[in-house]
Each structure stands twice: as C-alpha cells, then as structure tokens.
Amino acid sequence: MATTPIVEPLRIQDAIALPRPAATITAHAHRSDAYTVHVVAGMHDLLERVAALVDGASVAVITDETVHELYGAQLVDGLRRAGVDPLVRSVPAGESSKSLAQAIALWDWLAGSDLARRDVVLAFGGGVIADLGGWVASVYMRGIHYVNLPTTLLAQVDGALGGKVAVNHPLAKNLLGGFHQPVGVVANVGFLRTTTNRHLRAGLAEAIKKAIIASPDYLTFIERSANALLARDDEALERLVVSAAAIKTQLIARDPYEADLRRPLNFGHTIGHPLETATGYGPVLHGEAVAFGMVVESRIAAARGLLDADLLARILELLRRCRLPTSASELAVGVDADAVLAAMEKVRLIRAGSLRFVLPVAPGETVIVDDVTEDEVRSALAASGVGIALARAQ
C-alpha cells in the first residue's frame, strides 16, 4: 500500500527590532514583469502557445460577439483537446462595451464561477477586449493572470502590449484603469483575413505612429509595403506586427508604469483621445482618431518650425495611401473644435494642469512640450478641416 510522503511544515522565524518612537518608516515593494509575445500565422500555432501559457490552469475567455461568432468554436474546441474546458463570456462588439457597467457584469460572472486565484483569463478580441479583459483580470481577486489573444491589427501592434488596462468614463477615455501586465501575448495574423478594411487601416495608424517616433527603418518598411499590407499579405503583416512589438516593448521598458508622462508613444493621442470623447466613443475608431491626431500635432510642429514641410508632406502622404483620415471631412461624424478642446481640458485637469504634446521633428525624433496654446490647437484643427462641411466616411 502506497504511503503519502510526509511534507515538513514551512518554518519561518523573524526577530524584527522595533523602531524609535515617531520614526519615519519607508516601505519597499519591488516589482519586475516579463512576458513573451508570439506572432503566429494560424490557429494551430496559437493553440499550442496558449496551452503552454495556461499550463493546466482553469480558463475564462472574455471575447466580443463578432469574434465569438467567427473564431469562438475553434478556440474552445482547441482548448478542450488540450484538456481545458473554458468558461466563455461575450460582450457586444465596439467601444461602448469598454465601460464600468460591463466590467461589473464580468466580475459578477467570474464570482459565480469556480475560477481561482491561480487561474487565467484569455482576452480574445481587439483593443476593447484587451483593455476590458485585462482590467477585469487586474481587479478580480486583487489580480489574476491573463493572456492577450489580439484579433485586430490595432490590438496586435499596440493595444495588447504594455499592460495598460482601462475602461472609459463619459468625462475621459481610459479614466478608470491601471497597469497589469499579461503573462503572454499570442498574435495570429491569420485573424486579419476577416477583419474589415476600415479596421485594418485603423491598425496601420498605430504602426505608423511607432515608425515616426522611434524607427526610420520601420517607416521605410511601411512606405514600401503599404500596398501589400492593405492587400493582407501574410508575410508583410507578420513583419509589421513583430516589428511593432519589438518597438513598443523597448519603449515601454524605459517607464512601464508611466511615472513620467513625457512619452513619445502618446504622439497622436493628445488630440486623438479627446476626439474620441467628443464624438461619443465609437463613431471614430481609435486608429482613425490617432491618425487625425498625428496630422493635427504634426501641423503644430510645422507651425513652430520644428518639422520641415517635406516631412509633414511625407507623413500626410503615407496616411493618405493607407486611407486614413488626414482631414475632418474624412471622419465618420462631424468634429466640433470647442468639444475637442473641452475634452482636452478635462485631461489637463486630470493631469494636474499639464497637457503634453509629442511633436515630431524627424523620423525617430520628437520633442515633448507642455506649452501648446489653444490658438495653436485651433489653427491646426482648422488647417485639418475642422469647421468645413463634411462628406461622411463610408
């Protein structure tokens, strides 16, 4: 008869000396996170990577209705073949699901399950799901593991990387959130065959942003490969996603928790995020807002003499080739300058009175300033077509 081995109890012994009366106590909490980013070209490879990351834990899948209809059965069947029977919850597709109400509903769902502290959430979808699923995981049981499985180009080149997780608030985009790094990211470029042309183009905006701020080589690659990327060439897309991951992870490693808000990665976002807020979170896709934000912020740089006319024209030409909005007439809804400025003012208040602009100077070179005036913003918005009669985007 087999005997159960005897496990000795863990013995811990301390003898901590008492401090002097009224001493100042300094607390230390060191943290270091690392995770792998895998770029694959098919569902089989994705499932192999996910099974290794999950490593026998129980799994809850958070996805959206569109992704669930397209790929949910393949993911669930593959996980079951690997010995994992996942819980699955889908939310409506789109930015409106990135809300506190939706997060609460997901916490209620998890609380009613058997998911434990060492189990894993799979965030299976685009940027909305990466942000929502990651934030839900970050708060549930004070933080459980999650893996990002990005299905859109924007999520693969940006949203699934970096551990910034949040939901929106009517006053500001991503107002409720935090930092919670995934334990892994698996990006399958094969998913991009079914993404819409509009969402594909929106993803290219975040790749172009990284090229402008951090990599002349990446900028040249995107310019040379724009047609192949728009045609969904697997090899071009794989190189685009791998390169974006390398660039972003190197940039965020310098300041992973944004102790210093002077970050080149915010290029296009100082205008882009308020634009999304002013237009109601949804009609203008995030990548479209970032593209328009890059145009406005580049015009501010040019007006200040920081960006020469040739490079401004180069940026605008690349955005146009990728069919991204370079003027307000190309956005899906009307843009009101006062509404954008009001949303920017909310961000300024949140950031203790400081609103920083990332202004491009040359490929791979930016300056970050906090003295851009309202008149400069209005002038750049006007030069980008705000206030002109609109021809709605299709």
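Note that the coordinates shown come from a computational prediction; the quantities given were computed from them, not determined experimentally.

**Student:** What is the right way to look at unusual backbone geometry in this model?
**Tutor:** Keep in mind that most residues, glycine aside, have a negative phi and that most peptide bonds are trans. Here Asp-55, not a glycine, exhibits a phi torsion of approximately 55°, which is positive. Mapped onto the fold, Asp-55 is located in the loop between helix H1 (43-54) and strand E2 (59-64).

**Student:** Can you help me understand the pattern of salt bridges in this one?
**Tutor:** Side chains that differ in charge, positive against negative, can pair when their charged atoms come close. In this structure the tally under the stated criterion is 18 salt bridges. Residue Asp-158 is joined to Lys-210 by a salt bridge in which the shortest nitrogen-to-oxygen separation is 2.6 Å. Of this pair, Asp-158 sits in helix H5 (residues 153-159) while Lys-210 sits in helix H6 (residues 197-214), and the two are 52 residues apart along the sequence. Under the relative-accessibility criterion, Lys-210 is labelled buried at 0%. Between Arg-314 and Glu-223 there is a salt bridge, with its nearest N and O atoms 2.6 Å apart. Of this pair, Arg-314 sits in helix H11 (residues 309-321) while Glu-223 sits in helix H7 (residues 216-230), placing them 91 residues apart in sequence. Judged by relative accessible area, Arg-314 falls into the partly exposed class, the value being 31%.

**Student:** Mind showing me how you'd approach the packing of aromatic side chains here?
**Tutor:** How two aromatic rings sit relative to each other is given by the distance of their centres and the angle of their planes. For the coordinates displayed, the defined rule picks out five aromatic pairs. Ring plane angle 55° and centroid distance 4.5 Å describe the contact between Tyr-71 and Phe-191, whose orientation is recorded as tilted. Remark: Phe-191 occurs in the loop between strand E8 (184-188) and H6 and Tyr-71 occurs in helix H2 (residues 65-81); sequence separation between them is 120 residues. Judged by its relative accessible area of 11%, Tyr-71 is buried. Under the relative-accessibility criterion, Phe-191 is labelled buried at 2%. Between Tyr-218 and Phe-221, the ring centres sit 6.3 Å apart and the planes meet at 10°, which makes this aromatic pair stacked. A residue pair is termed a helical-turn pair when its members lie 3 or 4 positions apart in one helix, as Tyr-218 and Phe-221 do in helix H7 at three residues. Judged by its relative accessible area of 3%, Tyr-218 falls in the buried class. The class for Phe-221 is buried, based on a relative accessible area of 10%. Put simply, the rings of Tyr-71, Phe-124 and Phe-191 touch in pairs and so form one group of aromatic residues.

**Student:** What is the right way to read the packing of H6 against H7 from this model?
**Tutor:** Running from amino to carboxyl end, H6 crosses H7 at an angle of 160°, the nearest separation of the two axes being 7 Å. Classed by the angle they form, the pair H6 and H7 counts as roughly antiparallel. Crossing of H6 over H7 shows left-handed handedness. On H7, the residues touching Leu-200, Arg-201, Leu-204, Ala-207, Ile-208, Lys-210, Ala-211, Ile-212 and Ala-214 of H6 are Pro-216, Tyr-218, Leu-219, Ile-222, Leu-229 and Leu-230. Of the residues that constitute the contact of H6 with H7, the class distribution is 13 nonpolar, no polar and two charged.

**Student:** Explain the sheet that holds E8 here, please?
**Tutor:** Across a sheet, paired strands are connected by hydrogen bonds in the backbone, their directions being either parallel or antiparallel. With respect to topology, six strands assemble into an open sheet ordered E1-E8-E5-E4-E2-E3, the strand pairing being parallel. The open sheet has two free edges, formed respectively by strand E1 (36-40) and strand E3 (87-91), since each of these has just one partner strand. Strand-to-strand, the axes of this sheet are offset by a mean angle of 15°, without reference to chain direction. In this structure, strand E5 (residues 145-150) lies alongside E8, joined through two bridges in parallel fashion. Residue pairing in the sheet places Val-147 in a bridge with Gly-184 of E8. In the packing of H1 onto the sheet, contacts are made with E1, E2, strand E4 (120-125), E5 and E8, and the angle to E8 comes to roughly 170°.

Calculation rules
- What you see as residue numbers is a count from 1 along each chain, following the sequence as written.
- The predicted origin of the model limits local features to residues at a pLDDT of at least 70 and limits the giving and counting of side-chain atom pairs to 80 or more, whereas totals for whole chains, interfaces and linings rest on all residues.
- Where side-chain values are given, they derive from all heavy atoms of the structure, hydrogens and water being excluded.
- Under the DSSP-based scheme used, a helix requires at least four consecutive residues in state H or I and a strand at least two consecutive residues in state E, with every element numbered from the N terminus.
- Take a side-chain nitrogen of Lys or Arg and a carboxyl oxygen of Asp or Glu: if they are within 4 Å of each other, that pair is a salt bridge.
- When a residue's accessible area, from a 1.4 Å probe over protein chains only, is under 20% of the maximum for its type it is buried; when over 50% it is exposed; and in between it is partly exposed.
- Centre distance within 6.5 Å is the pairing criterion for rings of Phe, Tyr and Trp, where only the six-membered ring of Trp is used; planes under 30 degrees apart are then read as stacked, over 60 as edge-to-face, and the remainder as tilted.
- As a rule, the C-alpha atoms of each element are fitted with a line to give its axis, helices using only the stretch in contact, and angles between N-to-C directions run from 0 to 180 degrees.
- Roughly parallel means an angle under 35 degrees; roughly antiparallel means over 145; roughly perpendicular covers 65 to 115; every other angle is labelled oblique.
- Here a crossing is taken to be left-handed if its near helix is turned anticlockwise relative to the far helix by less than a right angle, and right-handed if that turn runs clockwise.
- Note on contacts: a residue pair is in contact if any heavy atoms of the two residues lie within 4.5 Å.
- Note on residue classes: Ala, Val, Leu, Ile, Met, Phe, Trp, Tyr, Cys and Pro are nonpolar, Asp, Glu, Lys and Arg are charged, and everything else, Gly too, is polar.
- Only strands that DSSP links by at least two bridges are regarded as paired with each other.

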